[in-house]
Amino acid sequence: MTPLKKIQSRFVPLPMENVDTDQIIPARFLKATTKEGFGKNLFRDWRYENNDENAPKKDFVLNQSKYSGDILVAGKNFGCGSSREHAAWALQDYGFKAVVSSFFADIFKNNALNNGVLPVKVSDEFLAQIFALDNESTISIDVDQQTITIDATGAQEKFDINTYKKTCLLNGYDDIDYLISNKQAIEEFEAVTTTP
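Here's a quick rundown of the structure. (Residues numbered from 1 in each chain as written. Predicted model: local features only at pLDDT ≥ 70, side-chain atom pairs only at ≥ 80, totals over all residues. Heavy atoms only, no water.)

1. Some remarks on the pairing of strand S5 (residues 138-142)
Move 1: In terms of burial, S5 is largely enclosed, as four of its five residues are buried.
Move 2: Strand direction decides the pairing type here: strand S1 (residues 6-14) and S5, joined by five bridges, are antiparallel. By the bridge assignment, Gln8 is partnered in S5 with Ser140.
Move 3: Direction of pairing for S5 relative to strand S6 (residues 147-150): antiparallel, over a ladder of four bridges. In the strand pairing of S6, Ile141 is matched with Ile148.
Move 4: With antiparallel pairing between neighbouring strands as the criterion, S5 and S6 make up a hairpin whose turn holds four residues, including Gln146 at a positive phi of roughly 60°. (Buried < 20%, exposed > 50% of the residue type's maximum accessible area, 1.4 Å probe, protein only. Helix = DSSP H or I, 4+ residues; strand = E, 2+ residues; numbered from the N terminus. Pairing = 2+ DSSP bridges.)

2. With respect to the nonpolar core
Move 1: Membership of the largest hydrophobic core comes to 28 residues, with the highest contact counts inside it found for Leu14, Ile24, Phe43, Leu72, Phe78, Leu91 and Phe108.
Move 2: At the level of secondary structure, the elements contributing two or more residues to this core comprise S1, strand S2 (71-74), helix H3 (86-94) and helix H4 (106-114).
Move 3: When residues in this core are grouped by element, the largest group, four residues, is from H3.
Move 4: Setting aside residues up to four positions removed in sequence, Leu72 forms contacts with Val12, Leu14, Phe43, Phe78, Leu91, Phe96, Ala98, Val99 and Val100.
Move 5: Listed in part, the 24 residues of the second largest apolar core include Leu113, Ile130, Ile139 and Leu170. (Core = buried A, V, L, I, M, F, W, Y, C linked by side-chain atoms within 4.5 Å. Contact = heavy atoms within 4.5 Å.)

3. Points about the sheet that holds S6
Move 1: One open sheet accounts for seven strands, arranged S4-S3-S2-S1-S5-S6-S7; its pairing is mixed. Two strands close off the open sheet at either side, each with one partner strand: strand S4 (118-121) and strand S7 (156-158). Going across the sheet, the axis of each strand differs from the next one's by a mean of 25°, ignoring polarity.
Move 2: The sheet contact formed by S2 and strand S3 (residues 98-101) spans three bridges and is parallel. Across the sheet, the residue bridging to Ile71 is Ala98, located in S3. (Axes fitted to C-alpha atoms, helices over the stretch in contact; angles between N-to-C directions.)

4. Observations regarding the side chain of His86
Move 1: Tracing the sequence through the fold places His86 in helix H3.
Move 2: Beyond its immediate stretch of four places on either side in the chain, His86 contacts Ile25, Leu30, Ala32 and Phe38.

5. Here's the deal with the packing of aromatic side chains
Move 1: As enumerated under the stated definition, the model contains 10 aromatic pairs in all.
Move 2: Measuring from ring centre to ring centre gives 5.3 Å for Phe78 and Phe108, while their planes differ by 80°; the resulting arrangement is edge-to-face. Pair noted here: Phe78 is in the loop between S2 and H3 and Phe108 is in helix H4, with a separation of 30 residues, a long-range link.
Move 3: Judged by its relative accessible area of 0%, Phe78 is buried.
Move 4: Ring geometry for Phe104 and Phe108: centres 6.2 Å apart, planes at 20°, overall stacked. For the residue pair Phe104 and Phe108, the accessibility class agrees, reading buried in each case.
Move 5: In textbook terms, an aromatic cluster arises when at least three aromatic residues are bridged by ring pairs, as seen for Phe43, Trp46 and Phe60. (Phe/Tyr/Trp six-rings, centres within 6.5 Å; stacked < 30°, edge-to-face > 60°.)

6. Describing the environment of Pro13
Move 1: Here Pro13 lies in strand S1.
Move 2: Measuring from C-alpha to C-alpha, the distance between Pro13 and Phe189 comes to 48 Å, with 176 residues separating the pair along the chain.
Move 3: Not counting the four nearest positions on each side in its chain, Pro13 is found in contact with Val61, Tyr67, Val73 and Phe131.

7. Regarding unusual backbone geometry
Move 1: Unusually for a residue other than glycine, Phe43 sits at a positive phi of about 50°.
Move 2: On the secondary structure map, Phe43 appears in the loop between helix H1 (21-24) and helix H2 (44-47).
Move 3: Positioned with a positive phi, Asn77 is a non-glycine residue whose angle comes to about 70°.

Following this line, the structure appears as C-alpha cells:
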C-alpha cells in the first residue's frame, strides 16, 4: 500500500444516510478475486441507467465533472449492511483515499483501514459544515495528528484511529508488511525466550 500521511483535496459530496455495501458495490460484481477493477462499478446502480455504462445518470455526483477529489464525504451510517471487503476495494480503486462521515459500520471501517482507505468520523455538526461548502473547497486530513480541517474556514476536528492501523497507514503497511518491519525485534525476542 502507499503511505498515507496527509491529504489536501477537494471532495465528492454524497449526502445520503445508510449507504450500505451493496449500494457501494453491488453483489453481482463480486466475482473477481483481486482488488483491481472494482472502481468502475462503484455505486454502479446509482451511476447508470439500466446498468448501461453508456447511459450515466447526470444527476449522480460521480457523473458530475464539477465534483472531484481524493475524499468522499457521506451521510451518517456509511458502509452498513453485509461485510464485503469489496466495498473498500471499490472506493480505493476508484481513487478515494478517505471517506468522511458521522458514523461508520464497524466492519466497513476495519475493511477500509485494511485496504488503505481512511475512514474519518466527525460530528454531525462538522459534517453539515462540509456539506455546506461549494465544490471548489478543500479539506485537509492529517493522519499523524488525527485532524480534519476545512481549509476555507479553519474549522477543525480530531478523529480517532486505532494506533496499529495508524502505523500501517503512515508507513503503507498491510499486516504482513508490519510483521516484516518488526523482523529484527521478533528475532531478538525469540533469541532471548528460546535460550536454555
